[in-house]
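The primary structure of each chain is shown beneath.
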Amino acid sequence: MSAQDSIDAVAALPKARRDLIPLLLPVALALAALPFIPSSSTWVTLTIAGLAMGMMIFIMASGLTLIFGLMDVLNFGHGAFIAIGAYMAVLVLAPLGGWMQADSIWLNLAAVIPAVIVAMAVTAVLGLAFERVVIAPVYGQHLKQILITMGGMIVAEQILYALFGPQQIPLPLPTSLRGSFQIGEAAIEKYRVVCVLVGLVVFLSMLAILNRTRIGLLIRAGVENTEMVEALGYRITRLFVGVFMAGSALAGLGGVMWGLYREQVNAAMGGELLVLVFIVVIIGGLGSVTGCFIGALLVALATNYAGFLVPKLALITDIALMVAVLLWRPRGLYPVTSR
Amino acid sequence: MSALLTLSGVETHIGRYHILHGVELAVPEGQTTMLLGRNGAGKTTTLRTIMGLWRASRGEIRLGETRIEALATPDIARAGIGYVPETMAVFSDLTVRENLVLAAREGAMDEKRLDWIFGFFPPLKKFWLSRAGTLSGGQKQMLSFARAFIEERKLLLIDEPTKGLAPAIIGALIDCLKEVKRRGATILLVEQNFRVAQEIGDLVGVMDNGRVVHSGAMAELAADAGLQHLLLGLSLDTHQ
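Residues numbered from 1 in each chain as written. Chains lettered and ligands numbered in written order. Predicted model: local features only at pLDDT ≥ 70, side-chain atom pairs only at ≥ 80, totals over all residues.

Participant: Would you mind showing me how to read the overall build of chain B here?
Facilitator: Scanning chain B from terminus to terminus reveals 10 helices and 10 strands. Its C-alpha radius of gyration of 17 Å places chain B within 12% of the 18 Å reference for a compact globule of 240 residues. Taken along the three principal axes of its C-alpha coordinates, chain B extends 45 × 45 × 35 Å. Counting contacts in chain B only where the partners sit at least 6 residues apart, residues at least 24 apart contribute 68% of the total. (Helix = DSSP H or I, 4+ residues; strand = E, 2+ residues; numbered from the N terminus. Rg over C-alpha atoms; globule rule 2.2 N^0.38 Å. Contact = placed C-beta atoms within 7 Å.)

Participant: Looking at this model, I keep getting lost on the environment of Val 27 of chain A. Mind explaining?
Facilitator: Along the polypeptide, Val 27 of chain A turns up in helix H2 (residues 21-33). The spacing of Val 27 of chain A and Trp 328 of chain A is 301 residues in sequence and 18 Å in space, taken between C-alpha atoms.

Participant: Can you walk me through the domain arrangement of chain B in this structure?
Facilitator: The extent of an interface is frequently quoted as the accessible surface area lost upon association of the parts. Residues and elements named next belong to chain B. Segmenting chain B into domains produces domain 1 (3-80 + 155-239) and domain 2 (90-152). Each of domain 1 and domain 2 has a C-alpha centre, and the two are 24 Å apart. Every contact between the two is made by 11 residues of domain 1 and, on the other side, 8 residues of domain 2. The dominant element in the side of domain 1 that touches domain 2, judged by the number of residues it contributes, is helix H7 (residues 167-182), at 6 residues. Its residues placed into classes, the side of domain 1 that touches domain 2 shows 9 nonpolar, 1 polar and 1 charged. (Domains from an automatic or database assignment. Nonpolar A, V, L, I, M, F, W, Y, C, P; charged D, E, K, R; others polar.)

Participant: I keep staring at the interface of chain B and chain A and nothing clicks. Help me out?
Facilitator: Facing 29 residues of chain B, the contacting portion of chain A comprises 24 residues. When residues of the side of chain B that touches chain A are traced back to their parent elements, those giving at least two are helix H2 (73-78), helix H3 (96-103), helix H5 (122-126) and H7 of chain B. Broken down by element, the side of chain B that touches chain A gets its largest block of residues, 5 residues, from H7 of chain B. Grouping the constituent residues of the side of chain B that touches chain A by class yields 18 nonpolar, 5 polar and 6 charged.

Participant: Could you clarify how one ought to interpret the sheet that holds strand S5 (residues 66-67) of chain B in this entry?
Facilitator: Backbone-to-backbone hydrogen bonds pair the strands of a sheet. The strands run either parallel or antiparallel. All names here are of chain B. The strand order across the open sheet built from 4 strands is S2-S1-S4-S5, with neighbouring strands paired in antiparallel fashion. At either margin of the open sheet sits one strand with a lone partner, and together these are strand S2 (17-28) and S5. As defined by bridge partners, strand S4 (residues 56-63) adjoins S5 across 2 bridges and the pair is classed as antiparallel. Looking at the pairing, Leu 63 lines up with Thr 66 of S5. (Pairing = 2+ DSSP bridges.)

Participant: Sorry if this is basic, but what is going on with the sheet that holds strand S10 (residues 211-217) of chain B here?
Facilitator: Residue and element names in this part refer to chain B. What the 6 strands build is an open sheet, ordered S6-S7-S8-S3-S9-S10; its pairing is mixed. Of all the strands in the sheet, the pair left with one neighbour each is strand S6 (81-84) and S10. Going across the sheet, the axis of each strand differs from the next one's by a mean of 15 degrees, ignoring polarity. Where S6 lies against strand S7 (residues 155-159), 4 bridges are found, and the strand directions are parallel. (Axes fitted to C-alpha atoms, helices over the stretch in contact; angles between N-to-C directions.)

Participant: For this particular structure, what's the right way to read the pairing of strand S9 (residues 203-208) of chain B?
Facilitator: Residues and elements named next belong to chain B. Counted residue by residue, S9 has 5 buried out of 6 residues, so it is predominantly covered. Here strand S3 (residues 32-37) runs beside S9; their pairing, made up of 5 bridges, is parallel. Within the sheet, the bridge partner assigned to Thr 33 lies in S9 and is Leu 203. Of the strand pairs in this sheet, S9 and S10 are connected by 6 bridges, and their pairing is antiparallel. Within S10, the position partnered with Leu 203 by the bridge is Ala 217. Hairpin geometry of S9 and S10 is characterised by an intervening segment of 2 residues between the two adjacent antiparallel strands and by a positive phi of about 55 degrees at Asn 209. (Buried ≥ 20, exposed ≤ 12 C-beta atoms within 10 Å, placed from the backbone.)

Participant: So what exactly am I meant to see when it comes to the confidence of the model for chain A here?
Facilitator: Where the model shows low pLDDT, its predicted coordinates should not be examined in detail. Residue and element names in this part refer to chain A. Averaged over chain A, the pLDDT score is 90; the fraction of residues at 70 or greater is 94%. Helix H1 (residues 3-8) is the least confidently modelled element of chain A, averaging 43 in pLDDT, while helix H4 (residues 78-93) averages 96, the highest of any element. Within the model, the stretch residues 1-14 combines pLDDT values under 50 with 20 contacts to residues more than four positions away or in other chains. (pLDDT = per-residue confidence, 0-100.)

Participant: Please clarify how the confidence of the model for chain B should be interpreted in this entry.
Facilitator: Residue and element names in this part refer to chain B. The share of residues in chain B with pLDDT of 70 or more is 97%, and the mean pLDDT across the chain is 90. Low pLDDT, under 50, characterises residues 235-240; the predicted model gives this stretch 12 contacts beyond four residues in sequence or across chains. Here the predicted complex scores 0.81 on pTM and 0.90 on ipTM.

And the structure:
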């Protein structure tokens, strides 16, 4: 038998096991909560609220997980972009109050869409500056990254305090997104449905980009082995900058959505959300967009159900969930990077 | 014959360790030059320094007439150097197809060239849409080779391709390398397996302690047991 024959006779490759268990967890959690909640309409309301919150957290966290996976950067400054995004929406929407309060959905959208675009553009540009000035000197040095990005976060927060003051600033929802639908006995807020739809669009778009485009291939390859991507002739630093800008812009989008959800913004909101965002990234597995998506849904659903059933338990739900997931899968639900 | 790659007085430091101590090496165009030596002699460091993955602290590296020691790794790759690392470094989360799509920098893969690769490495066709992480060690090495061969490169740097592989796989890799050679490729190949080196190599450089201590024709070294023993601590006869 020649060497070539031996190669031809290679045994069949074992089928790659599709790991579906994490995908089923949010469904399992929702079904597990059902018997404990007194009415099905309350369960539907809590579940939709949890999904909406999860989608917003996912949007904020997805950029961070890519930044860590690809660039090996622990960016504690990510929260600053969330807050800045929300404040940009305040600035853009302030002179457009009439359009926001109008009964026309088109006028409402004519106000909200530019606010989202400006928030994402400004946070993307600030992300570029942050990456070049703050992050670039400390690539590969995790301790310094934590210190300097945390410092950047504090500086950004203090600048927001200085510019806008320490008070809560109102960010009202446009008229057409106020109120709720009635499905059976369940009341479902319109804005929460919008959040779910936007979150799904962002998630599916990210999956499409990562799986169907050359840039996506490079990002996925770079998350695994940046050195080999460079040895194939690709300038990974450009990709780093692009991913950092996109991640910052997503944080800005998340900030706008969260601000509209709470109908107010304040300078500390980024820092407050950052803990939640990091928990989601860790639960999902560093560098995994799908893991981040599942992690965000799990955290939000668990917090909502616990908040309804045992309010005091809601304070530790996210941490308890993270501990449980890490005991089961120490590298998160869908680990990508081996770092 | 003119040298396609020339290293002159190349020194490399990794952290506070001084690994290469003035490497002198010429790789002639269209020839296969084997880089041999004991573990820790500096062979892998030499390849990584050529690729710019570790920076030369002193000396010159020329690809043709162009100095490349100060270029970034992507620019060195785009100058026409293909690299097969010791670790294979396939992207395990990507499919076989996606690994090759990335390696084909100029866009679409050349179908004829792909068929030629499949001729040597049928498992790559069989597992075209499987994740590279699910391949066996030998299949990953085939993929690593295919990534380097999917486009024409001026120079191929290949680091210990046979390490830890089954004899049948090694045979396929040797057949492939011989064909690549026949097509006129220039190869610098690090290899511990002297029998493989003898079969493929035209020229040889032997490294010890961060220097090239011998260079010449492979056939001469293969024929001289005393020189093998002196340079490599082995004799081919003892490995028959």
